Number of protein chains: 2
Amino acid sequence: MARWEPGAKQRLVVAAVDLFTEQGYDATTVAQIAERAGVTRSTFFRHFTDKREVLVAGQETLSQLLAEGIAQAPATASPLEAVAAGLERASSEMGPMNRALGPRLKAAVAASTELQERDALKSVGLAAAMSHALVARGVPDPTAQLAAELGVLAFKRGYTQWSEADRDDDLGLAHHALAALEDLRVATSTLS
Amino acid sequence: MARWEPGAKQRLVVAAVDLFTEQGYDATTVAQIAERAGVTRSTFFRHFTDKREVLVAGQETLSQLLAEGIAQAPATASPLEAVAAGLERASSEMGPMNRALGPRLKAAVAASTELQERDALKSVGLAAAMSHALVARGVPDPTAQLAAELGVLAFKRGYTQWSEADRDDDLGLAHHALAALEDLRVATSTLS
């Protein structure tokens, strides 16, 4: 088997999420994931440290894209406009595979406390990435943290709506994420 | 040893956090925690399912207190005023032991990914408890989730400030949590 296997990482993610959903997270082994994806165990370990890491495969990339979009927003952009630019940048990299994984991932996470914990830490990581990018633009701390939390909520809500929307009516993740951000922005005026 | 041991649970929490900080989370066993607290292993297992659960000992109580405060706020209270009532209710139950544990808990969590994940899921649980209590008051969903997130941020910021404040100048947790909530409320007007 060739050392360089194009698509191996993506196939491992799909295989893992399918197995988690079919037979549960705890019952799934690295060997089974590798077999389902048609690669060796050592190929698995070139991409991931353990089976849990499979689920956060995209987290680092996602954090980078969100931060990049925020950094590249016009200097005149408000904190939420910069967050919107981050959501658009990240959404542009999410394709049909990400969309199809949504409901399966949700089912796998709902069934495992360990995955819920990993998922919760993932949200904390995304919020921190956005908050740091906002602070680097000169946004003061409480505002940056708040805008970042709204960004995470909007991304999660938007991703759920996108994953669950009619297949034939795909407006794209960016559309759903930005609509969710706008809902949250409007909601800030009803807090006090 | 008597089956009923007053204070055993609190002693176990203090012993566990001290051991996590002294020698690391991974190196600490249930047997060591029980020994340090002066109780048997079976007493440990009457209170906790494993060593990680020690760190969330107060989570269920905290969720209940936050929800209770929100439910009991006057009918005319705004979403954030209800959250403030929740923070006050929860703060009223936090004494000197909770305050002293703050920096030690922080050090133990900073040193362990596993504890960071547990801690992240704890925040998700607190936000859900507050959000549900707000929805039960008739607050619509995006506003409820947003107000709950502000409540969690305010509680964490307030708890850190309270734990790290001068020992002789204790204004109480409620003071710090409500001040943090007010900072966040003001920050909402600077988002867009």
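As shown above, the structure is provided for reference.
Residues numbered from 1 in each chain as written. Chains lettered and ligands numbered in written order. Predicted model: local features only at pLDDT ≥ 70, side-chain atom pairs only at ≥ 80, totals over all residues. Heavy atoms only, no water.

1. Structural notes on the overall build of chain A
Note the following rule: Segments assigned H or I by DSSP are reported as helices when at least four residues long, segments assigned E as strands when at least two residues long, and all are numbered from the N terminus. The size measure is the radius of gyration over C-alpha atoms, and the globule rule it meets is 2.2 Å times the number of residues to the 0.38 power. Burial classes: relative accessible area under 20% of the type maximum marks a residue as buried, over 50% as exposed, and values in between as partly exposed (1.4 Å probe, protein chains only). Residue contacts follow a heavy-atom distance rule, with two residues in contact if any of their heavy atoms lie within 4.5 Å. Here the Shrake-Rupley method, with its probe set to 1.4 Å, supplies the accessible areas, and only the displayed protein chains count as covering residues.
When helices and strands are tallied, chain A shows ten helices and zero strands. Of the regular secondary structure in chain A, the N- to C-terminal order runs α-α-α-α-α-α-α-α-α-α. Computed over its C-alpha atoms, the radius of gyration of chain A comes to 18 Å, within 12% of the 16 Å expected for a compact globule of 192 residues. The principal-axis extent of the C-alpha atoms belonging to chain A is close to 55 × 30 × 30 Å. Looking at the 192 residues of chain A, the share that counts as buried comes to 48%. The contacts of chain A with a sequence gap of at least 6 include a subset with a gap of at least 24, amounting to 67%. Total accessible area computed for chain A in this model is approximately 9,100 Å², and 53% of it derives from carbon and sulfur atoms.

2. Digging into the side chain of aspartate 18 of chain B
All names here are of chain B. Mapped onto the secondary structure, aspartate 18 falls in helix H1 (residues 8-23). Residue aspartate 18 is classed as buried on the basis of its relative accessible area of 16%. For aspartate 18, the residues in contact, after removing those within four places along its chain, are Arg36 and Arg104.

3. Some details on the side chain of lysine 51 of chain A
All names here are of chain A. What counts here: For the charge count, each Lys or Arg is scored as positive and each Asp or Glu as negative, with His and the chain ends excluded. What makes a salt bridge here is a side-chain nitrogen of Lys or Arg within 4 Å of a carboxyl oxygen of Asp or Glu, nothing more.
Relative to the elements of secondary structure, lysine 51 occurs in helix H4 (residues 51-54). Although buried, lysine 51 forms no salt bridge, and the nearest oppositely charged side chain, aspartate 26, lies 5.0 Å from it. In this view, lysine 51 contacts Phe20, Tyr25, Asp26, Thr28, Val30, Ile33 and Phe44; residues no more than four positions away in its chain are not counted.

4. Some points on the interface of chain A and chain B
What counts here: A simple way to read buried area is as the amount of 1.4 Å-probe accessible surface that goes missing from two parts once joined, with both sides added. In the analysis that follows, any N or O atom pair within 3.5 Å is treated as a polar contact, provided that within protein one partner can donate a hydrogen and the other can accept it, and provided that, for residues neighboring in sequence, both atoms belong to side chains. As a working rule, the residues Ala, Val, Leu, Ile, Met, Phe, Trp, Tyr, Cys and Pro are called nonpolar, Asp, Glu, Lys and Arg charged, and the rest polar, with Gly in that last group.
Facing the 28 residues of chain A at the interface are 28 residues of chain B. Summing both sides of the interface, chain A and chain B together bury roughly 2,600 Å²; the carbon and sulfur share of this comes to 65%. It is Glu117, Leu146 and Leu191 of chain A that lose the most area in chain A upon contact with chain B, and together they represent 27% of the buried surface on that side. Summed over the shared surface of chain A and chain B, the result is six salt bridges. Notably, a salt bridge pairs glutamate 117 of chain A with arginine 52 of chain B, separated by 2.8 Å at the nearest N-O pair. Along the contact surface separating chain A from chain B lie 14 residue pairs in polar contact (both at pLDDT 80 or more). Of all the elements in the fold, those that place two or more residues in the side of chain A that touches chain B are helix H6 (79-91), helix H8 (113-136), helix H9 (141-164) and helix H10 (173-188) of chain A. Broken down by element, the residue count for the side of chain A that touches chain B peaks at ten residues, all from H9 of chain A. Its residues assigned to classes, the side of chain A that touches chain B comprises 13 nonpolar, eight polar and seven charged.

5. Description of the relation of the copies chain A and chain B
Stated precisely, the cut-off is as follows: Least-squares superposition of the copies uses the C-alpha atoms of those residues scoring a pLDDT of at least 70 in each of them.
Mapping chain A onto chain B calls for a rotation angle of 180 degrees and an axial translation of 0.1 Å; the resulting RMSD is 0.0 Å. In short, the pair behaves as if placed about a two-fold rotation axis. Most of the interface of chain A is mirrored in chain B, where 100% of its interface residues again form contacts.

6. Things to note about helix H7 (residues 96-110) of chain A
Residue and element names in this part refer to chain A. Let me state the cut-off plainly: To estimate how far a helix should extend, the number of its residues minus one is multiplied by 1.5 Å.
Helix length check: H7, at 15 residues, gives a terminal C-alpha distance of 22 Å against a target of 21 Å (1.5 Å per residue), a fit within 8%. Taken together, the buried positions of H7 are Arg99, Leu101, Gly102, Ala108 and Val109. In this fold, the buried residues of H7 make contact with helix H1 (8-23), H8 and H9.

7. Notes on helix H5 (residues 59-72) of chain B
Residues and elements named next belong to chain B. Condition: The arc in question is the one traced by the directions running from the helix axis out to the C-beta atoms.
Between the first and last C-alpha of H5 there are 20 Å, a value that for 14 residues agrees with the 20 Å anticipated at 1.5 Å per step. If you check which residues of H5 are buried, you get Gln59, Leu62, Ser63, Leu65, Leu66, Gly69 and Ile70. Along H5, the residues classed as buried sweep out an arc of 165 degrees about the axis, all on the same side. Exposed residues pointing more than 90 degrees away from the buried face of H5 are listed as Glu60, Gln64, Ala71 and Gln72. Packed against the buried residues of H5 are helix H6 (79-91), helix H8 (113-136) and helix H9 (141-164).

8. Considering the packing of H9 of chain A against H10 of chain A
All names here are of chain A. Quick note on the threshold: In this analysis an axis means a line fitted to C-alpha atoms, helices contributing only their contacting stretch, and an angle means the value between N-to-C directions, from 0 to 180 degrees. In what follows, roughly perpendicular refers to angles from 65 to 115 degrees, roughly parallel to angles under 35, roughly antiparallel to angles over 145, and oblique to any angle outside these ranges. Should the near helix be turned anticlockwise from the far one by less than a right angle, the crossing is left-handed, and should it be turned clockwise, the crossing is right-handed.
One way to put it is that H9 packs onto H10 with a least axis distance of 7 Å and a crossing angle of 135 degrees. In terms of their interaxial angle, H9 and H10 are classed as oblique. Along this stretch, H9 crosses H10, giving a crossing that reads as right-handed. Residues Leu150, Gly151, Leu153, Ala154, Phe155, Arg157, Gly158, Tyr159, Gln161 and Trp162 of H9 lie in contact with H10, whose contacting residues are Leu173, His176, Ala177, Ala180, Leu181, Leu184 and Thr188.

9. Examining the pattern of salt bridges
In this structure the tally under the stated criterion is 22 salt bridges over all chains. Here glutamate 117 of chain A and arginine 118 of chain B are joined by a salt bridge, their closest N and O atoms 3.3 Å apart. Residue glutamate 117 of chain A is found in helix H8, and its partner arginine 118 of chain B is found in helix H8; the two belong to separate chains. One exposure class covers both glutamate 117 of chain A and arginine 118 of chain B, and it is buried. The partner of glutamate 68 of chain B in a salt bridge is arginine 89 of chain B, with the nearest N and O atoms 2.9 Å apart. Here the residue glutamate 68 of chain B occupies a position in helix H5, and arginine 89 of chain B occupies one in helix H6, the gap between them amounting to 21 residues.

10. Observations regarding the packing of aromatic side chains
Rules: Pairing of aromatic side chains here covers Phe, Tyr and the six-membered ring of Trp, requires ring centres within 6.5 Å, and sorts the geometry by plane angle: under 30 degrees stacked, over 60 edge-to-face, intermediate tilted.
Under the definition given, this model contains ten aromatic pairs over all chains. With centroids separated by 5.5 Å and ring planes inclined at 50 degrees, the aromatic side chains of phenylalanine 44 of chain A and phenylalanine 48 of chain A adopt a geometry described as tilted. Across the pair, phenylalanine 48 of chain A and phenylalanine 44 of chain A agree in class, each one buried. Where phenylalanine 20 of chain B meets tyrosine 25 of chain B, the ring centres are 4.9 Å apart and the plane angle is 65 degrees; that geometry is what we call edge-to-face. This pair shows no difference in class: phenylalanine 20 of chain B is buried, exactly as tyrosine 25 of chain B is. One aromatic cluster is present, built from ring pairs that chain together Phe44, Phe45 and Phe48 of chain A.

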